[in-house]
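These are the residues of each chain, in order.
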Amino acid sequence: MIEYRNVTKSYGGKQVVKNLNLTIADGEFVVLIGPSGCGKTTTLKMLNRLIEMDSGEILINGKNVAEYNPEKLRRNIGYVIQQIGLFPNMTVEENICVVPKLLKWDKERMHKRVLELLELVGMTYEESGKKYPNEMSGGQQQRIGVLRALAAEPPIILMDEPFGALDPITRDSLQDEVKQLQKRLGITTIFVTHDMNEAIKMADRIVFMSGGEILQADTPEEMLRAPANDTVREFMGKHVAKTRMDDPALHCGDVMKKKVLTAESSKKTLECLELMSAREVDSLVVVDSARKYLGIVTIEALRERGEAGRPITELLDTSAPTVQVDEPAQQAFGKLLASKALNYVIVLDEQQRVVGIITRTSMSKALASVVWGVKK
Amino acid sequence: MPWNRVWEHLFLVLAGSGFTIIFGLALGITAYLCPKISKAILWSVDVLQTIPSLATLGILMVLFGGGKTTVIVGMVLYSLLPIVRNTHTALNGVSPAVKEAAIGMGMSRLYRLVFVEFPVAFPIIFTGIRISAVTSISVAVFGTFVGGGGLGDTLYRGIYIQNMKLILFGTAALMVMAILMDSLLNVVEKRLFKHSMK
Ligand SMILES: Nc1ncnc2c1ncn2[C@@H]1O[C@H](COP(=O)(O)OP(=O)(O)OP(=O)(O)O)[C@@H](O)[C@H]1O
Ligand SMILES: [Mg+2]
């Protein structure tokens, strides 16, 4: 847990962070947002002591950051900046290993970690490990920047407009990757941006700052529904077009069909065929006993490779498109339109449990509700 | 032909450059680490260079007497500037993002200097070393006036006895030495910095 308590910082008599109080739970993804110069970066950097506060305290798991040796503190807090700042004299592998090396990990462990991390973002060691930063695109560099911050498995990671300088497509995929990694690894994250769309996409909680103060700290949903005052509303309004199909306020959970035909992974070929013909469908969503999503099984797979008594886990197709229940519905529509094989997208909750599906019908209904103002 | 003078000259250049590099880097890094005294350091080194090398040697001879030591000290004082200035400029020029990342990763001051700032700045520092080494070849010629030997002796004698061959030999040897030194360092530079240049 991270606690800011009455934190204040001034430059030349001007308070840029005013008596700030903020508590962040373990594993939470907090996005700091607000107009330029409102003190986001200052707030962030006081945590890893790149900036020393004037008064107040910041506690990590109850211990004041001022009591740590700043260098040791920073080795346990991942740090990603907009300008990336990879070390140009080091290869990708060496860049990633900077903090592990400071922590004196042995060679083998470091190398294993590099392989593991590169794989997380779909890069291979053979292709990228020995490259130098200047041989890579901006997007790839920032991927490495993120991996470098994650390398020593820090419990906390700070990101200051990490994707601000990237093109929209690269930014979008990096946002997805980071969000997924963060969820999977359960890292407490403080993320600075001034892009409201990014905030809504990434945040568990958005902290809106202005003039060194927190105006509102709420979930994205709540922030959109009830902006605390006009400053927040105006800022949101600029970024969020409320009456459009790609309205990020419209979440997958709002448009999905909740009745899903699922099959438990213990089921065998024939049981599934039976189920499919009874309900006239050509695929089933396979879940484990906790309703966690495992994959789908299609009628083709059953026909081609199924035999009596064969468990369906051997016939799973795991490439079906999935979305999270709190993601913007726009995501699901995009995936649906892009997917040729399957005519629905599977909606998962935070524990990866299947909670619904979005079909083309649900998409057109949602579209109608936006265009005609019909209540869903 | 006086080949031993060539070797002697080479020795002066190598010894002089070696000390210049050591002191030059030390001063350049100090100037970078302590901005308060950086002006003073750069100014002093600048002033040293404006004194004619013959005058410098003259003063040093009064202090140290004649001989090779005097020449080497003179060469060091005279060729410090490019190294000190390039070191200071290059370290200051390391991108702020790289510096911030290094601090943010939890590196200590010394660690940052040794493993990040210095390596990143090294191509420019190396250029300073190259300039300084090549300059020192001609500075060493003045060594003859304080009894330091080297190709200065050959040239001076050639002029004194009006022997054209001797003069040409000395001049050619100096030129070849400078060209070789420059291209050798050029190759080293290319080898070392394939990647660090952005
Ligand atoms: N070293 C400094 N000296 C003086 N003033 C500073 C310094 N650093 C920041 N400030 C001022 O403090 C205020 C807050 O700065 P900060 O960098 O935290 O803003 P920010 O919210 O991150 O802005 P941006 O969105 O532009 O990055 C600004 O008005 C800035 O000008
Ligand atoms: Mg900022």
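To be clear, the structure that these remarks concern was listed above.
Below: a short report on this structure. Source: prediction; values computed, not measured.

### Observations concerning the sheet that holds strand 13 (residues 293–298) of chain A
Within a sheet, neighbouring strands are paired by backbone hydrogen bonds and run either parallel or antiparallel to one another. Residues and elements named next belong to chain A. The mixed open sheet is built from three strands, whose spatial order is 11-12-13. Two strands bound the open sheet, and with one partner strand each, they are strand 11 (262–264) and strand 13. Across the sheet, the mean angle from the axis of one strand to that of its neighbour is 35°, orientation sign disregarded. Where strand 12 (residues 283–287) and strand 13 come together, five bridges link them in antiparallel fashion. For Ser283, the partnering residue across the bridge sits in strand 13 and is Thr298. Against the sheet, helix 13 (residues 269–279) contacts strand 11, strand 12 and strand 13, and its axis sits at roughly 130° relative to strand 12.

### Here's the deal with the pairing of strand 6 (residues 77–81) of chain A
Residues and elements named next belong to chain A. Of all the five residues making up strand 6, five are buried; the element is thus mostly covered by neighbouring parts of the structure. Of the two faces of strand 6, the one holding Ile77, Tyr79 and Ile81 and the one holding Gly78 and Val80 are both buried throughout. In terms of strand pairing, strand 6 meets strand 7 (residues 156–160) through five bridges, oriented parallel. Among the inter-strand pairings, Gly78 is bridged to a residue of strand 7, identified as Ile157.

### As for the side chain of Ser53 of chain B
All names here are of chain B. In this fold, Ser53 is placed in helix 3 (residues 53–64). Residue Ser53 is classed as buried on the basis of its relative accessible area of 10%. In this view, Ser53 contacts Tyr78, Val139 and Phe142; residues no more than four positions away in its chain are not counted.

### A closer look at the packing of aromatic side chains
Applying the stated rule across the entire model yields nine aromatic pairs over all chains. A ring pair is formed by Phe163 of chain A and Phe191 of chain A, whose centres lie 5.9 Å apart and whose planes are at 55°; its orientation type is tilted. Of this pair, Phe163 of chain A sits in the loop between strand 7 and helix 8 (168–185) while Phe191 of chain A sits in strand 8 (residues 188–192), and the two are 28 residues apart along the sequence. Residue classification places Phe163 of chain A among the buried positions, given a relative accessible area of 0%. On the basis of relative accessibility, which here comes to 0%, the residue Phe191 of chain A falls in the buried class. Ring geometry for Tyr111 of chain B and Phe115 of chain B: centres 4.5 Å apart, planes at 40°, overall tilted. With Tyr111 of chain B and Phe115 of chain B both in helix 6 (residues 109–139) and four residues apart, this pair spans about one turn of that helix. The exposure class of Phe115 of chain B is partly exposed, given its relative accessible area of 37%. Counting every residue linked through ring pairs, the aromatic cluster contains Phe29, Phe163 and Phe191 of chain A. When the ring centre of Trp105 of chain A is taken as origin, the NZ or CZ atom of Arg109 of chain A, which lies over that ring, is 3.6 Å away.

Scoring rules and cut-offs
Residues numbered from 1 in each chain as written. Chains lettered and ligands numbered in written order. Predicted model: local features only at pLDDT ≥ 70, side-chain atom pairs only at ≥ 80, totals over all residues. Heavy atoms only, no water. Pairing = 2+ DSSP bridges. Helix = DSSP H or I, 4+ residues; strand = E, 2+ residues; numbered from the N terminus. Axes fitted to C-alpha atoms, helices over the stretch in contact; angles between N-to-C directions. Contact = heavy atoms within 4.5 Å. Buried < 20%, exposed > 50% of the residue type's maximum accessible area, 1.4 Å probe, protein only. Phe/Tyr/Trp six-rings, centres within 6.5 Å; stacked < 30°, edge-to-face > 60°. Lys NZ or Arg CZ within 6 Å of the ring centre and 35° of its normal.

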